[in-house]
Amino acid sequence: MLDSEDVEDIFEPSLFVNTSYELKEISVGEVVIKLYALHKSATTDHDLTGQILWPAAKILSLYLTQCGICRNASVLELGAGCGLAGLVAANLLDDPSKVMLTDNNDLVLDLLRRNIDANFHRQTEKPRCEHLSWGVEEVDGFIGRHGTYDVILGADVVFWPSAVPLLLQTVHRLLTKQSSAKFFLSYINRSRYTTELLHAVADKSGLRLERIELEDEAFREILRANKLDKDQISLLLCTLR
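Residues numbered from 1 in each chain as written. Predicted model: local features only at pLDDT ≥ 70, side-chain atom pairs only at ≥ 80, totals over all residues. Heavy atoms only, no water.

J.: Help me get a handle on the overall build of the chain, residues and values and all.
T.: Looking only at helices and strands, the chain features 8 helices and 9 strands. A buried classification covers 48% of the 241 residues belonging to the chain. In the chain, once contacts between residues fewer than 6 apart in sequence are set aside, the share between residues at least 24 apart is 71%. Of the roughly 12,200 Å² of accessible surface on the chain, 48% is carried by carbon and sulfur atoms. (Helix = DSSP H or I, 4+ residues; strand = E, 2+ residues; numbered from the N terminus. Buried < 20%, exposed > 50% of the residue type's maximum accessible area, 1.4 Å probe, protein only. Contact = heavy atoms within 4.5 Å. Areas by Shrake-Rupley, 256 points an atom, 1.4 Å probe, with all protein chains shown as cover.)

Shown next, in the form of structure tokens:
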């Protein structure tokens, strides 16, 4: 029979860590981002979700290059993973230091810092990176240190429907209370229930959701490359009521 020490040896966390990152240049519209990630891992490797570049991140990033995001906005990415959307936003702003990339996984935060350095190593002003877990206590402490944001980004951060209420609660607290404040959310439609829950929770949280249609050919190219049709991915705009 195994004792507790034997079990700890068998399930040593480092045995499951994969940091064999590959550096690739990712073109998003006219923006080119150097991105370390597990580019060869399958998107079914759920334990590596924050280290993989997901199709939803590419869709959101491309939209940012087209929507005319305010060049003076403050931008926060939640559950940033390898950080593509936040890094694209930083390239579109006059001051990249107004972009904050967040995640709650220390391994992913190390990857984020690496990707920030890969793209802004020669610049004094660069995006910042911080740990952030969703929920009132953690978020209020974060706001005390960093304030609120004009634009919040989330790419495939609703993998589990149970994350929806906490996500929207977090967004509501972190958005500036201006009519121009926006939350952009892109995700793979793995469950019809997720979309229904997003709308239901948004209504109760004082948020308004609307779907952004992906009509541009560049979006279709991303979908085809990932063997998705347009009904399998959603891009939503969330604003304060």
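Back to the write-up after that little detour.
J.: I'd like to hear about the packing of helix α2 (residues 55-66) against helix α8 (residues 217-225), residue by residue, with values.
T.: Following both chains from N to C, one finds α2 and α8 inclined at 170°, their axes separated by 10 Å at the closest point. Taken together, α2 and α8 sit at an angle that is classed as roughly antiparallel. For the pair formed by α2 and α8, the contact residues are Pro55, Lys58, Ile59, Leu62, Tyr63 and Gln66 on the first element and Ala218, Phe219, Ile222 and Leu223 on the second. Among the residues forming the contact of α2 with α8, the class breakdown is 8 nonpolar, 1 polar and 1 charged. (Axes fitted to C-alpha atoms, helices over the stretch in contact; angles between N-to-C directions. Parallel < 35°, antiparallel > 145°, perpendicular 65-115°, else oblique. Nonpolar A, V, L, I, M, F, W, Y, C, P; charged D, E, K, R; others polar.)

J.: Outline the pattern of salt bridges, listing residues and values.
T.: A full pass over the atoms with the stated rule returns 11 salt bridges. Measuring nitrogen to oxygen at the nearest pair gives 3.9 Å for the salt bridge that ties lysine 126 to aspartate 117. In this structure aspartate 117 comes out as partly exposed when scored by relative accessible area, which is 41%. For aspartate 156, the salt bridge goes to arginine 190, with nearest N and O atoms at 2.9 Å. Of the two residues, aspartate 156 is situated in the loop between β6 (151-155) and α6 (164-174) and arginine 190 in the loop between β7 (182-188) and α7 (192-204); the sequence distance between them amounts to 34 residues. With relative accessibility at 11%, the residue aspartate 156 sits in the buried group. Through salt bridges with shared partners, one network takes in Glu215, Glu217, Arg220 and Arg224. (Salt bridge = Lys/Arg side-chain N within 4 Å of Asp/Glu carboxyl O.)

J.: Account for the nonpolar core, naming residues and giving values.
T.: One finds Leu64, Val75, Leu153 and Phe184 to be the most contacted residues of the largest nonpolar core, which totals 56 residues. Setting aside anything within four residues of it in sequence, one finds leucine 64 in contact with Ile69, Ala85, Val88, Ala89, Leu92, Leu153 and Phe184. Counting residues in hydrophobic clusters, the runner-up holds 29 residues, among them Leu76, Val139, Val201 and Cys238. (Core = buried A, V, L, I, M, F, W, Y, C linked by side-chain atoms within 4.5 Å.)

J.: Describe in detail the pairing of strand β4 (residues 99-103), supporting the description with residues and values.
T.: In terms of burial, β4 is a largely internal element, 5 of the 5 residues being buried. Along β4, one buried face is formed by Val99, Leu101 and Asp103 and the opposite face, lined by Met100 and Thr102, is buried too. Where strand β3 (residues 75-78) lies against β4, 3 bridges are found, and the strand directions are parallel. Within β4, the residue paired with glutamate 77 across the bridge is leucine 101. Since β3 and β4 lie parallel, the crossover through helix α3 (residues 84-92) that links them has a hand, and here it is right-handed. (Pairing = 2+ DSSP bridges. Right-handed = clockwise from strand over helix to strand, strands pointing away.)

J.: Help me get a handle on α6, residues and values and all.
T.: Within the span of α6, buried status applies to Val164, Leu167, Leu168, Thr170, Val171 and Leu174. Projection of α6 onto a plane perpendicular to its axis shows the buried side chains occupying an angular sector of 160°, all on one side. Structurally, α6 contributes buried residues whose contacts are with β3, α5 (136-146), β6, β7, α7 and β8 (207-211). (Arc of directions from axis to C-beta.)

J.: Hey, could you go over the packing of aromatic side chains for me, with residue numbers and the actual values?
T.: Overall, the coordinates contain 4 aromatic pairs when judged by the stated rule. Measuring from ring centre to ring centre gives 6.2 Å for tryptophan 54 and phenylalanine 159, while their planes differ by 70°; the resulting arrangement is edge-to-face. Of this pair, tryptophan 54 sits in the loop between β2 (31-37) and α2 while phenylalanine 159 is found in the loop between β6 and α6, placing the two residues 105 residues apart along the sequence. Under the relative-accessibility criterion, tryptophan 54 is labelled buried at 10%. Accessibility expressed as a relative area gives 18% for phenylalanine 159, which makes it buried. An aromatic cluster is defined as three or more aromatic residues linked by ring pairs; in this entry it consists of Trp54, Phe159 and Trp160. Taking the ring centre of tyrosine 36 as reference, the NZ or CZ of arginine 114 above it sits at 4.0 Å. (Phe/Tyr/Trp six-rings, centres within 6.5 Å; stacked < 30°, edge-to-face > 60°. Lys NZ or Arg CZ within 6 Å of the ring centre and 35° of its normal.)

J.: Tell me about unusual backbone geometry, and name the residues and values.
T.: The backbone of aspartate 156 shows a phi angle near 55°, a positive value even though the residue is not glycine. Even without being a glycine, lysine 227 presents a positive backbone phi close to 55°. Looking at where lysine 227 falls in the secondary structure, it is placed in the loop between α8 and β9 (233-240).

J.: Any details on the sheet that holds β3? Residues and values, ideally.
T.: As summarised here, the arrangement of the 7 strands in space is β5-β4-β3-β6-β7-β9-β8, forming an open sheet in which the pairing is mixed. What marks the edges here is a single partner per strand, and that holds for β5 (128-131) and β8. Between one strand axis and the next, the sheet turns through 20° on average, direction left out of account. As paired elements, β8 and β9 share 5 bridges and run antiparallel to each other. For leucine 207, the partnering residue across the bridge sits in β9 and is leucine 240. Contacts between α7 and the sheet are confined to β7, β8 and β9, with β8 contributing the most and set at about 145° to the helix.

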